[in-house]
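Here are the chains, one letter per residue:
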Amino acid sequence: MSRIMSRQKSWLLAFFLLSLSSTSRAQTSLTPPAINISARGVTFSRGVRGQAIPSINEFRTNGIIGTQMSLPLAEGSSIRGVAGGLEADVYDWRTRNLDQRSTTLDYLRFARDYNANLVITANIRGLTELDPNGASPSARRYYDTSIPTLTKVAADWVRYTNVIAQTYRQDDVITNPQDKAVMDSLVWSSGANDVHPTLPAIGEAPLPKVAYWEIGNEPRVTLDNAYQVSNGFTFLTPNHTQDSTHKYDYAQRYASMTAAMKEVDPTIKVGPALQTASSSTEKELLNSILNRQSNGEYLPIDFIGYHPYQKMYDTDVPADVEHALQTIYSGHSAVVSNLRSMISASGRNPSSVELVASEVNVSNWNSNDTPHEAEMGHALGSVETVFSFARLGVHDAHYWLWPGDPWDGTKFPVYKAYEALRDHMGDTLLSSYSVGNAREYTTRDSQTGEIAVWGMNFSNSAAIKLQLSLSNLPPDGYNAKLMTLKSLTGATTLFSANLASYMPGGPTNGIDWVTTNLSGVNLANYALNMPAATLSVLVITPKPRLGDFNEDGSVDGQDMNFWRASFRKTSGATHQQGDADGDGDVDGADFLTWQRQVGSRFGLPASAAASVAIPEPSAAAIALSAAIAAGCISRSWQGN
C-alpha cells in the first residue's frame, strides 16, 4: 500500500508542476482523410477484445467479482481459461489441484452463454502437490514431470471438451472404455459447499468445442516465486549447459502432446505460448518447434500465443505517458513482425500460422489492482491496443486481468471502454488515422450495419478537433449519437480515475460515458471535438431501407412476400405491409423501390452490402418474385 501511495503522490506532483509551468494549450485542428462508409474495408477477428478469466478459488472475493464482471465484456469475443498464466503449468484439470475452483464444464458454459471462443492452456511442465517441506503452507512441488503423463492429461482434456461433453448428459451410462476412464479420473466436488457436475444436464443446450489449445505457458519464466514451486524449472535448448533448474526436452514434450491431442480431434488448433520471442533463448525454443524436425517433417503449429505486455506503468510524467500511448501500435507491430519473420524463416507460410496475444496489458501485468489501472490513460491505451491487434490481423487477445476492480466492483475507465468495444466495435475496419496524440478508427458491424467512428485524444491537457468527411452515408437515413468517456466533475486528464475503495483517495466514480443525440444532424462534414484525455465514439445506425419490408436489415426475396400479401391495399398500409413510399397503399411504385434496392443491407447500397460478404437473395427467388410482381403491376395499370 505504501508503494501505491508513493506512486500516486509522484504523479500528483508531476501534474501540479506541469499546471504551474504552462497554461492550457490551444485546441489542435486536424483533417483526416475522407471516410467512405460503404467501403469494403478489412475484416478483423472480434476475438481481439477478449478477456483472460483464470480459474481461481471460486469463494475468493476477487474470483467471484472479477469473473462476474469480465464475462459480459467477453461476449461475442474470446475467453482464456480454464487455468491461465503460469498457473497453467501447475494445474491438473482433472482434480482442480484439490481446490474449490470453477471446472472445465463451467468454462464451456461460459463460452456458450457468452458466444465466446475459449482458449485453453495445457500443462507442459508437470503435476504438483503440496510440499511438506516448503517455505509456506501453500508451497508446492512437482511430483510427476514425465512426457507420457502430461501427454495423456492433455489428450484426455481434449476428449472431455470435444467428445464427452458433446455426447453425454447426466445419468447417461458410459460404455466407451476411453470415455469412462476419463470420467472416472475427475474429482470436481470436495464437499457440501463445493459440488460440481461433470456432465451437462439433461436437455441442456449444446456446448461448443474448444478449438484453440496453447501448449504450456512462457517456458523461460520460473514458477518458483509466483507459485512457490520448490523444484520448479524452465526450458532451454540442448546447446546450453545442463543444470538442475532447466529441462531440454521442450520440443519433445510439444511434439508428444500435440500428436496425442490431434489424434483425439484433428480439427483443433495448437500452438506454444511465449512472452514475445525477443530474447535469444525464447527464439531458440520457438525455432526448435518451428523448424523442420530431424525426420524432415514439421510439428503442428496452427497459431503462436504470445504476451506483448507494455510498460506504461513505469511512468507518471504526463509527457512520458503521452509518448507511451503514441507508440503502442509500433510496439505491437514490431513484435508481430518478429514472429512472422521467424515463421517465414522456418520455411512455413506466415499466413498459415495465426497469432493469439493470450495475455496483454498496456501498463504491464503488475498494474492490476493499482490506481494506475483505474486511470483514463490506461483506458485509452487499452483501446489503442485492441485496435492495434485489429490492424495487425491478430486472431484473439485477452486483457490481463480484471478490467473492473475484483474486490469492490468499481468500474474502472478501462471497463467502461471495453463495454463500448463490445457494443460498437463490429468486425470491419474502414479507416485508421494516426497523428501525434490523435487517433481515429472507423468500424462497421457486418451483422447489424452499424458504423462507429472512434476518436482518441492522448494529450493530457489540449483538446483536438477532427474535421471528419463521411461519404456514402445510409441513403434512407440514420440515427446517430456521440458517446464521450470523460470526467463528469471537471477537466479530464490522463490521470483522472475511478478509484476503488481501498485506493488512496477512493472511492471515486467520476469517469463515465456522456451521450449526445445527433439524429437529424448531417454528418457528411462533422467536427468531432475531443477534450483532452477522452475517448469518443460516434455511432451511426442505418435506418431500414424502404424496400426492406420485413425490416430484418436485408432487401431480398423475403420482402416480396410482404409486398404480395398486401398488394392492391389502397389505404392504411404500413411499411411492413409493403408500403415503401409512405402513401398508405401498396402498388407498383412500392415494388419498383424494392427492385432498385435488392441486395442492399443495413441501409447500405448493394455494392457495400456485397463488400461485407453477405449473401444476396437467390436469383431464382428474385426472378420469380419479379415475374409475379410484373404481372400484378400490368393488371393494375390496365385497370386504371
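Bear in mind that the values here come from a model prediction, so they are computed numbers and not experimental data. Within each chain, residues carry numbers counting from 1 in the order of the written sequence. For this predicted model, a pLDDT threshold of at least 70 governs which residues receive local features, and a threshold of 80 or more governs which side-chain atom pairs are given and counted, while totals over whole chains, interfaces and linings are taken from all residues. To obtain the side-chain values, all non-hydrogen atoms of the structure were included, while hydrogens and water were left out.

Draft legend 1. Summary view of the overall build of the chain. Secondary structure assignment for the chain yields 15 helices and 23 strands. The long-range share in the chain, meaning contacts at least 24 apart out of those at least 6 apart in sequence, stands at 77%. The helix and strand labels rest on DSSP assignments: H or I over at least four residues marks a helix, E over at least two residues marks a strand, and numbering proceeds from the N terminus. Here, residues are in contact when the closest pair of their heavy atoms is within 4.5 Å.

Draft legend 2. Here's a closer look at the sheet that holds strand β18 (residues 451–457). Sheet architecture is open: 7 strands sit in the order β3-β16-β17-β18-β23-β20-β21, paired in antiparallel fashion. Pairing within the sheet leaves two strands with one partner each, and these edge strands are β3 (42–43) and β21 (511–517). Any two strands with at least two DSSP-identified bridges between them are counted as paired. Across 7 bridges, strand β16 (residues 428–435) lies against strand β17 (residues 438–444) in antiparallel orientation. Opposite Leu429, over in β17, you have Thr443 as the bridge partner.

Draft legend 3. Geometry of the sheet that holds strand β13 (residues 303–306). Spatially, 8 strands are ordered β12-β9-β6-β5-β4-β15-β14-β13 in an open sheet, and the strand pairing comes out parallel. Edge strands, defined here as strands with exactly one partner in the open sheet, are β12 (269–272) and β13. Adjacent strand axes in the sheet meet at a mean angle of 20 degrees, parallel and antiparallel pairs treated alike. Here strand β4 (residues 50–52) runs beside strand β5 (residues 78–80); their pairing, made up of 2 bridges, is parallel. Counted as the bridge partner of Gln51 is Ile79 from β5. Here, axes are lines fitted to C-alpha atoms. For helices the fit covers the stretch in contact, and angles between N-to-C directions go from 0 to 180 degrees.

Draft legend 4. Representation of unusual backbone geometry within the structure. That bond from Gly81 to Val82 is cis: its omega, 10 degrees, falls within 30 degrees of zero. Of note, Val82 is situated in the loop between β5 and α3 (104–113). Gly506 connects to Pro507 through a cis peptide bond whose omega is 0 degrees. Positionally, Pro507 belongs in the loop between β20 (478–487) and β21. Positive phi is not limited to glycine here, since Trp402 has a value of about 55 degrees. On the secondary structure map, Trp402 appears in the loop between β15 (396–399) and α11 (413–424).

Draft legend 5. Structural view of the packing of aromatic side chains. Aromatic rings from Phe, Tyr and Trp, with only the six-membered ring used for Trp, were paired whenever their centres fell within 6.5 Å, and each pair was classed as stacked if the ring planes differed by under 30 degrees, edge-to-face if by over 60, and tilted otherwise. Applying the stated criterion to the full structure yields 15 aromatic pairs. When the ring of Trp157 is compared with that of Trp213, the centres are 5.8 Å apart and the planes differ by 75 degrees; the resulting orientation is edge-to-face. Of this pair, Trp157 sits in helix α4 (residues 147–167) while Trp213 sits in strand β9 (residues 212–215); the two residues are 56 residues apart in sequence, bridging distant segments of the chain. The buried label goes to any residue with under 20% of its type's maximum accessible area, the exposed label to any with over 50%, and the partly exposed label to all in between, with areas taken from a 1.4 Å probe on protein chains only. Trp157 sits in the buried class, given a relative accessible area of 3%. Through a chain of ring-to-ring contacts, the aromatic side chains of Tyr91, Trp93, Trp157, Tyr160, Trp188 and Trp213 assemble into a single cluster. For Lys247, the ring lying beneath its charged end belongs to Phe233, and the centroid distance is 5.1 Å. Should the NZ of a Lys or the CZ of an Arg lie within 6 Å of a ring centre and within 35 degrees of the ring normal, that charge is described as sitting over the ring. Taking NZ or CZ as reference, Arg391 lies 3.7 Å from the ring centre of Tyr329, over its face.

Draft legend 6. Summary view of the packing of helix α9 (residues 328–345) against helix α10 (residues 376–392). α10 packs onto α9 with a crossing angle of 35 degrees between their chain directions and a minimal axis gap of 9 Å. Between α9 and α10 the crossing geometry is right-handed. Between α9 and α10, the residues in contact are Ile328, Tyr329, His332, Ser333, Val336 and Arg340 and Gly381, Glu384, Thr385, Ser388, Phe389, Arg391 and Leu392, respectively. Residues that form the contact of α9 with α10 fall into these classes: 5 nonpolar, 5 polar and 3 charged. Each helix crossing is assigned a hand: it is left-handed if the near helix lies turned anticlockwise from the far helix by less than a right angle, otherwise right-handed if that turn is clockwise. Gly is put with the polar residues, along with every residue not named as nonpolar or charged; the nonpolar set is Ala, Val, Leu, Ile, Met, Phe, Trp, Tyr, Cys and Pro, and the charged set is Asp, Glu, Lys and Arg.

Draft legend 7. Representation of the pattern of salt bridges. When a carboxyl oxygen of Asp or Glu lies within 4 Å of a side-chain nitrogen of Lys or Arg, that pair is called a salt bridge. All chains considered together, the criterion is met by 25 salt bridges. The salt bridge involving Glu129 is made with Arg141; its shortest N-O contact spans 2.9 Å. One end of the pair, Glu129, is in strand β7 (residues 127–130); the other, Arg141, is in strand β8 (residues 140–144), with 12 residues separating them in the sequence. Its relative accessible area of 28% is what places Glu129 among the partly exposed residues. Taking relative accessible area as the criterion, Arg141 reaches 29% and is therefore assigned partly exposed. Lys269 serves as the salt-bridge partner of Glu354, at 2.9 Å between the closest nitrogen and oxygen. Within this pair, whereas Glu354 is found in strand β14 (residues 354–360), its partner Lys269 is found in strand β12, the two being separated by 85 residues in sequence. Among the residues examined, Glu354 registers a relative accessible area of 23% and is labelled partly exposed.

Draft legend 8. View of the environment of Lys481. Examined against the element boundaries, Lys481 turns out to sit in strand β20. The sequence separation of Lys481 and Thr516 amounts to 35 residues, and the corresponding C-alpha distance is 5.5 Å. Not counting the four nearest positions on each side in its chain, Lys481 is found in contact with His424, Thr515, Thr516, Leu518, Val537, Leu538 and Val539.

Draft legend 9. Structural view of the side chain of Thr161. The residue Thr161 is located in helix α4 in this model. Given the relative accessible area of 0%, Thr161 is considered buried. Thr161 has contacts with Thr104, Leu108, Ile120, Gln166, Pro208, Lys209, Val210 and Trp213, leaving out every residue within four places of it along the chain.

Draft legend 10. Structural context of helix α12 (residues 557–566). Of all the residues in α12, the buried ones are Gly557, Asp559, Met560, Trp563 and Ser566. On an axial view of α12, the arc spanned by its buried residues comes to 165 degrees, and they lie on one face. Polar contact is the term for a pair of N or O atoms within 3.5 Å; when the atoms are in protein, one must be able to donate a hydrogen and the other to accept it, and sequence-neighboring residues count only if both atoms are side-chain atoms. Measuring from the side-chain oxygen of the N-cap residue of α12 to the backbone nitrogen of Gln558 gives 3.1 Å; that N-cap residue is Asp556. Arg568, located one to two residues past α12, shows a positive phi value of around 85 degrees. Here the arc refers to the set of directions running from the helix axis out to each C-beta atom.

Draft legend 11. Structural view of the confidence of the model for the chain. pLDDT is a residue-level measure of predictor confidence that goes from 0 to 100. On average, residues of the chain carry a pLDDT of 89, and 90% of them reach 70 or more. Here residues 612–624 is modelled with pLDDT under 50, and outside its nearest four sequence neighbours on either side it reaches 15 contacts, counting other chains as well. The model gives residues 632–640 a pLDDT under 50, and that stretch makes 9 contacts with residues more than four places away or in other chains.

Draft legend 12. Spatial organisation of the pairing of β14. Of all 7 residues that make up β14, 6 are buried, and the element is covered over most of its length. Relative to β15, β14 runs parallel, the two sharing 3 bridges. Bridging from a neighbouring strand, Val360 pairs with Tyr399 of β15. Seen with its strands pointing away from the viewer, a crossover is right-handed when the path leading from the first strand over the helix to the second is clockwise. Read as a crossover between parallel neighbours, the route from β14 over α10 to β15 is right-handed.

Draft legend 13. Representation of the nonpolar core. To form a nonpolar core, buried Ala, Val, Leu, Ile, Met, Phe, Trp, Tyr and Cys residues must be joined to one another through side-chain atoms within 4.5 Å. Tyr160 and Trp454 are the most contacted members of the largest nonpolar core, which has 129 residues in total. Ranked by the residues each element gives to this core, the list is headed by α10, at 9 residues. Ignoring sequence-local partners within four residues, the contact set of Trp454 consists of Phe387, Ala420, Leu421, His424, Met425, Arg439, Glu440, Tyr441, Thr443, Leu535, Ser536 and Val537. By size, the runner-up hydrophobic cluster in this structure holds 23 residues, among which are Leu30, Ile451, Val453 and Ile464.

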